[in-house]
Amino acid sequence: MGEVIAIVSGKGGVGKTTLTANLGIALCELNKTVLLIDADIAMSNLSLLVGLENPPITLHDVLLGSSSSQDATYDGPNGLKIIPSGLSISNYQRVDSERLVSIVKSIYKEYDYVLIDAPAGIDKNVISAMSASTQILLITEPTAPSVADAFKAKIVAERLNQRVLGVIVNKVSSVKGEITEKEIMKMLELPSYGKIPYAEDVRTSFLLKKIKPVLIHAPSSPSSNAFRYVARKITGLDIDTNTKTNTKKRKGFFGFLKKLFSKK
Amino acid sequence: MFRGLTKLLTKVSSKILNIEDKTKTTSLDNLLEYKTINLSSKDLDDFLHKLRIKHIVNHIIVTDLDGIVIGSTEKDLKEGFKSAAMYNYINSEMKDLSIILIESKGWQIIFKNNNKVYFIKANDNLSKIEVHALVDDLENYLKFIK
């Protein structure tokens, strides 16, 4: 199939890397072949999240033309393949991120899905990640600054004539003041590809001695199911009720009252 | 007590009538005013003007290889002739350049595609990928109006 999806947010710290890693694993669970590319060439940390420590050859070397993409491809959890980015600042300053487009073109047919973890911002490196993809998934938190940055990223994608698939709302905790999924869809004029609850198990997955994506650390948690929901939505599979992110719905009069006053 | 009751009734009625709470999104109003630029136009000058806004560049001039202006957002047509002459001169000295950047009163980008010379005036962070996206839009338009 060879779909190349860039995960873009505009704002930093929204959860692009977490989504990329967990979505990759969720797609592998659906028997898809998946390659993750850490295109955050300045502030990379996808490799840490999937358990790769100090990979000797990275995307930096591929962008510099000193190594092939095969040499920089590593095995990750659940059959995932990963091209990590390097941590070297000097290499970061030397690389030409625009080469990412031709690199992805040369390998995308080998996989069902290639997920590109884009950097924050809307600069040249983000433009390269967007341009190397066939589709873009926006991720935002339910807050005004995050939605504003996602909107700017959408405008850049439109300038590049790239297709934006939809938006994923991350860190949803239903506290007062959060922008609802419905409002975000309306503002961005995009369909929702899921909402990921703000959960302690996602945060603790970063605090383990060896960092693990939440799908491996807590596979049956609501967040893991939310990532599975996104994967099924992307692949066009029916949405299983078990993968829905919402907690139990209360019926009856109290359920009606709860629904009436809930922020979701 | 009345204040509490008013608040409750407002909340219930707004939920029932599906009226959204706008207070959270007012800070985004300016940004949300941006609408996708519709490039459809029968007039080339109008199209170039829209293209200039879409791709956030200062000016777009397109000529054939002899410097005859096909379309321009600049009033001064000499600019088109100058750009083609500059492209032909630099290309005769340094063959097969995909793109030429000149820093003079901002950035000037000269780019050859499909026997046309594109002269784009923009700021310095316009990437090659963005230039290609702009050229693709224009090429599609020219194909369409032929």
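Residues numbered from 1 in each chain as written. Chains lettered and ligands numbered in written order. Predicted model: local features only at pLDDT ≥ 70, side-chain atom pairs only at ≥ 80, totals over all residues. Heavy atoms only, no water.

Asks: Got a minute to help me understand the sheet that holds strand β2 (residues 34-38) of chain A in this structure?
Replies: Whenever strands of a sheet pair, they do so through backbone hydrogen bonds, lying parallel or antiparallel. Spatially, β3-β4-β2-β5-β1-β6-β7-β8 (chain A) is the arrangement adopted by the 8 strands of the open sheet, whose pairing is mixed. A single partner strand is all that each edge strand has here, and the edge strands are β3 (74-75) and β8 (192-197) of chain A. (Pairing = 2+ DSSP bridges. Helix = DSSP H or I, 4+ residues; strand = E, 2+ residues; numbered from the N terminus.)

Asks: Just to check I follow, could you spell out the packing of aromatic side chains for this structure?
Replies: Within a pair of aromatic rings, the relevant descriptors are the distance that separates the centres and the angle that separates the planes. Inspection of the entire model under this criterion finds 1 aromatic pair over all chains. Between B:Phe47 and B:Tyr141, the ring centres sit 3.8 Å apart and the planes meet at 10°, which makes this aromatic pair stacked. Taken together, the positions of B:Phe47 in helix α3 (residues 44-54) and B:Tyr141 in helix α5 (residues 128-145) put the pair 94 residues apart, joining distant regions of the chain. Exposure class is identical for B:Phe47 and B:Tyr141. Each is buried. The ring centre of A:Tyr193 lies 5.4 Å from the NZ or CZ of A:Lys233, which sits over that ring. (Phe/Tyr/Trp six-rings, centres within 6.5 Å; stacked < 30°, edge-to-face > 60°. Buried < 20%, exposed > 50% of the residue type's maximum accessible area, 1.4 Å probe, protein only. Lys NZ or Arg CZ within 6 Å of the ring centre and 35° of its normal.)

Asks: Honestly, the pattern of salt bridges in this entry has me stumped. Any pointers?
Replies: Pairs may arise between side chains of opposite charge once their charged atoms sit close together. Under the counting rule described, the total for this entry stands at 12 salt bridges over all chains. For A:Glu158, the salt bridge is made with A:Lys154, and the minimal N-O distance between the two is 3.5 Å. Of this pair, A:Glu158 and A:Lys154 both sit in helix α7 (residues 144-159), 4 residues apart, roughly one helical turn. Residue class for A:Lys154 comes out buried when judged on its relative accessible area of 7%. With its nearest N and O atoms 2.9 Å apart, the salt bridge here joins B:Lys54 to B:Asp137. (Salt bridge = Lys/Arg side-chain N within 4 Å of Asp/Glu carboxyl O.)

Asks: What exactly am I supposed to notice about empty space enclosed by the protein here?
Replies: Which parts of space are left empty comes out when a probe the size of a water molecule is rolled across the atoms. All names here are of chain A. Counting across every chain of the model gives 1 cavity of 30 Å³ or more. In terms of lining, the largest cavity is formed by Ala39, Ile41, Leu59, Leu63, Ser97, Leu100, Asn125 and Ser128. Across the lining of the largest cavity, the residue classes tally to 5 nonpolar, 3 polar and no charged. (1 Å grid on protein atoms, 1.4 Å probe; cavity = no way out; pocket = protein on both sides within 12 Å on 5 of 7 lines; lining within 4 Å. Points joined across faces, edges and corners; volume = space filled by probe spheres on them. Nonpolar A, V, L, I, M, F, W, Y, C, P; charged D, E, K, R; others polar.)

Asks: Would you take a moment to explain the environment of B:Ile145 for this structure?
Replies: Take B:Ile145: it is sitting in helix α5. For B:Ile145 and B:Lys54, which are 91 residues apart along the polypeptide, the C-alpha to C-alpha distance reads 20 Å.

This is a description of form; function is not addressed.
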